[in-house]
Amino acid sequence: MCGVFAAIRMNGFFTDLEKKLLKKSVEMVKYRGPDATKMTYYSSNENSTEDNIFLGHNRLAIIDLSSDGIQPFTNDNKIHIVFNGEIYNYIELREELQGKGYTFKTQTDTEVIINLYIAEGVEGFGKMNGMWAFILYDSETKKVVISRDRFAVKPIYYILANDTYYFGSEIKQLLPFLNSYHLNLNTFGNYLHNFLVDYSNETMFLEVNKVPPKHSFIINLQSKEIELKKYWDYELLDFSKRKSADLNEEFSYLLRDSVQIRLRSDVKVGNTLSGGLDSSSIAVIANEISPIPIENISVISKNPKISEEKYVDALIKNNDIKVTKVAFDEIDSWDMVEEVIWHNDEPILSLSTVAHFNMMKLFHEKTDITVILSGQGGDESLGGYNKYFFENLKELNRNRQYAKLVKESLFLLPKFNNEFKLTNAHRYLSPRFRNKSIIENTCNLQFNNGFNTKSNSFRERQILDIDQYSVPALNHYEDRTAMASSLEIRLPFLDFRLVNFNLNLPVEYKIKNGFTKHILRENISQLPKEIAWRTDKKGFDVNENNFVNLKNWERVEALLTNSKLQQFEIIDESFVKSEIKSYLLGKRKYWVRDINRLIFSEIWLRKFF
């Protein structure tokens, strides 16, 4: 886990002033890799001593802590790379490559990437099991290869300015190289109106884009051609003739192995234990596998509405696991929201990002853990959200399984009072079935609606969430909040083998008898029943109503005075302030998260524009 930066000038070379800016852009995100910083220049023209390629790297040492792991890393001075992430199956890949005659000088996973590239080209990246964003310069073929992992775990952004491609782990690294930059009104509109971020390869800066997941971005310095090449895609599997016992056994093996290879580390590994199904499953599996006790960190609160301490205690009682509880109670989000938005580069969706940022700070300050396992991705690949109940009903109807349709519908009836919240379904509802939001009432923004949840199957709906509407946004904030405290997040449920397997499972293995993630509940025998069969979902949240309230009205009013939102002609600030005040006095019924997004937007615009 590191910070990478690169500049590739298509014609000409870097000036001394530009080299100073390049150095600053690397050092700007030193918190992503505080263990070592290195920068190197190269010339793709053998007849010139002038530099037109720059690679910079901030290292967070995880595998092979020696100086052998410092980057840019080079192989016989022919191939050079800066790499952010981890290749979890690097041991198996190294053994395979050694069997083919390839030699290794280090114990790093970085060297495995280079030799795999030499052996199989960019097609070989599909063999890698991990999270990554790297820039590789091949001095023999005069090509630069930028590759990104399958599920947008690791970020890589780019711009084209002054005949130069710039790549960075964070947007803020790229902005100094633009003479000017502009607000992308379409992505910004989808953020405000549809609660969307990271749903496409665009960003909220019109000039800044992302290298798409599952792809390599290839620059040919000789022909000047650009190629975008896909190295992996989902695979359709036919489980119709597989026995239930076989599917359960394979699921258990894949989940266990995905945890096991993510325990590979030369620094201390921990786990975020919320008491929920996903994090508890990881905790008991890791505890069973690891020869060294895994330290589980549980953030607890005195607030019963968000506290899951009773589930953590139940897990401790039933399993010999090590848990450190860190006290966390209501924080004043106003004191840190600006810093959180700066680290995210784009406006945040909710105060849960602030809570996660604060949690990572506590981990960094109170433990010596560097690598943290997280349960992100389990809900999307196993149908864990309540919306998937309705996707299941649609699937049963499509398949004319009417008896099962009636049965599953009956299981849903008790849940409407206890579990389903209109606030969570807000963006899925037609305007005629809900009150107008404050954003609809006050924003003048015209944009192309990018929110499309139409799918022909349960599996397609899951893929939409994994590729567009859920996983990329969650990975974005987890990466930024963890890296701000120099911590690495690893996600066992986003192992590509497990994801592909789960997507192809018959739906009844995911939704059954009113329970989501059914196969997971059945196969983790170490979990106490109150965790294995719990139905409530509690996110790690700060009370959204404590951000914009009468106590903080003066802050809100000051922020929306001479506002950037008005300068961009998105709102009439007097009208917006009037509507928010009316809401706080109980005269308007608005969703508080919509109001908060307006505030986050204003803070972000002031920070970056």
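Let us look at the structure shown here. (Residues numbered from 1 in each chain as written. Predicted model: local features only at pLDDT ≥ 70, side-chain atom pairs only at ≥ 80, totals over all residues. Heavy atoms only, no water.)

### Thoughts on the packing of aromatic side chains
Moving on, step 1. Per the counting criterion, the structure on display carries 36 aromatic pairs.
Moving on, step 2. Centroid distance phenylalanine 205 to tryptophan 604: 5.5 Å. Interplanar angle 80°. Geometry classified as edge-to-face. Within this pair, whereas phenylalanine 205 is found in the loop between α4 (185-194) and β10 (209-210), its partner tryptophan 604 is found in helix α24 (residues 592-608), the two being separated by 399 residues in sequence. As far as burial versus exposure is concerned, phenylalanine 205 and tryptophan 604 are alike and both buried.
Moving on, step 3. Seen from their ring centres, phenylalanine 205 and phenylalanine 609 are 5.5 Å apart, and the 10° between their planes marks the pair as stacked. With phenylalanine 205 in the loop between α4 and β10 and phenylalanine 609 in the segment after α24, this residue pair connects regions lying 404 residues apart in the sequence.
Moving on, step 4. Overall, phenylalanine 205 belongs to the buried group, its relative accessible area being 0%.
Moving on, step 5. Accessibility expressed as a relative area gives 23% for phenylalanine 609, which makes it partly exposed. (Phe/Tyr/Trp six-rings, centres within 6.5 Å; stacked < 30°, edge-to-face > 60°. Helix = DSSP H or I, 4+ residues; strand = E, 2+ residues; numbered from the N terminus. Buried < 20%, exposed > 50% of the residue type's maximum accessible area, 1.4 Å probe, protein only.)

### A closer look at helix α6 (residues 277-289)
Moving on, step 1. For α6, spanning 13 residues, the distance from its first C-alpha to its last is 18 Å, which sits close to the expected 18 Å at 1.5 Å a residue.
Moving on, step 2. For α6, the buried fraction is high: 11 of the 13 residues fall into the buried class.
Moving on, step 3. Those residues of α6 not exposed but buried are Leu277, Asp278, Ser279, Ser280, Ser281, Ile282, Ala283, Val284, Ile285, Ala286 and Ile289. (Expected span 1.5 Å × (residues − 1).)

### Quick notes on empty space enclosed by the protein
Moving on, step 1. For the structure on display, the rule yields five cavities of 30 Å³ or more.
Moving on, step 2. Its boundaries defined by the atoms lining it, the largest cavity holds a volume of some 110 Å³.
Moving on, step 3. Lining the largest cavity are 15 residues, with Arg59, Ile63, Gln71, Asp109 and Thr110 sitting closest to its centre.
Moving on, step 4. Secondary-structure elements contributing two or more residues to the lining of the largest cavity are β5 (79-87) and α3 (109-120).
Moving on, step 5. Here the element with the most residues in the lining of the largest cavity is β5; it accounts for three residues.
Moving on, step 6. Tallied by class, residues from the lining of the largest cavity come to seven nonpolar, five polar and three charged. (1 Å grid on protein atoms, 1.4 Å probe; cavity = no way out; pocket = protein on both sides within 12 Å on 5 of 7 lines; lining within 4 Å. Points joined across faces, edges and corners; volume = space filled by probe spheres on them. Nonpolar A, V, L, I, M, F, W, Y, C, P; charged D, E, K, R; others polar.)

### Quick look at the sheet that holds β5
Moving on, step 1. Taken in spatial order, the six strands of this open sheet run β4-β5-β6-β7-β11-β12, and their pairing is antiparallel. Each having just a single partner strand, β4 (73-75) and β12 (226-230) make up the two edges of the open sheet. Strand-to-strand twist across the sheet, computed as the mean angle between neighbouring axes with direction ignored, equals 20°.
Moving on, step 2. Bridge count for β5 against strand β6 (residues 130-138) is nine bridges, and the pairing is antiparallel. Paired with glutamate 86 across the bridge in β6 is methionine 131.
Moving on, step 3. In the packing of α3 onto the sheet, contacts are made with β4, β5, β6 and β7 (143-148), and the angle to β5 comes to roughly 120°. (Pairing = 2+ DSSP bridges. Axes fitted to C-alpha atoms, helices over the stretch in contact; angles between N-to-C directions. Contact = heavy atoms within 4.5 Å.)

### Some details on the side chain of serine 279
Moving on, step 1. Position of serine 279 relative to the elements: it lies in helix α6.
Moving on, step 2. Take serine 279: its relative accessible area is 7%, and that puts it in the buried class.

### Observations regarding the pairing of strand β3 (residues 53-59)
Moving on, step 1. The buried count for β3 comes to seven of seven residues, which makes it a mostly enclosed element.
Moving on, step 2. Judged by which residues are buried, β3 turns out to be covered on both faces: Ile53, Leu55, His57 and Arg59 on one side and Phe54, Gly56 and Asn58 on the other are all buried.
Moving on, step 3. Two elements, strand β1 (residues 2-9) and β3, share seven bridges in a ladder whose sense is antiparallel. For valine 4, the partnering residue across the bridge sits in β3 and is histidine 57.

### With respect to the packing of helix α11 (residues 387-398) against helix α12 (residues 402-412)
A pair of packed helices is captured by two measures, namely the crossing angle of their axes and the spacing between those axes.
Moving on, step 1. Look at α11 against α12: their axes get within 8 Å of each other, and the N-to-C directions meet at 160°. One finds that α11 runs roughly antiparallel with respect to α12. Taken as a pair, α11 and α12 cross one another with a handedness that is left-handed. The segment α11 lies against α12, with Phe389, Phe390, Asn392, Leu393, Leu396 and Asn397 engaging Tyr402, Lys404, Leu405, Glu408, Ser409 and Leu412.
Moving on, step 2. A class-by-class count of the residues in the contact of α11 with α12 yields seven nonpolar, three polar and two charged. (Parallel < 35°, antiparallel > 145°, perpendicular 65-115°, else oblique. Left-handed = near helix turned anticlockwise from the far one by under 90°.)

### What about unusual backbone geometry?
Moving on, step 1. Cis geometry is adopted by the peptide bond preceding proline 72, which originates at glutamine 71 and carries an omega value of 5°.
Moving on, step 2. Among the structural elements, proline 72 can be located in the loop between β3 and β4.
Moving on, step 3. The phi dihedral of phenylalanine 195 is positive, around 65°, even though this residue is not glycine.
Moving on, step 4. According to the relative accessible area criterion, phenylalanine 195 is partly exposed, its value standing at 21%.
Moving on, step 5. At arginine 400, a residue that is not glycine, the phi angle is positive and equals roughly 55°.
Moving on, step 6. Its location among the elements puts arginine 400 in the loop between α11 and α12.

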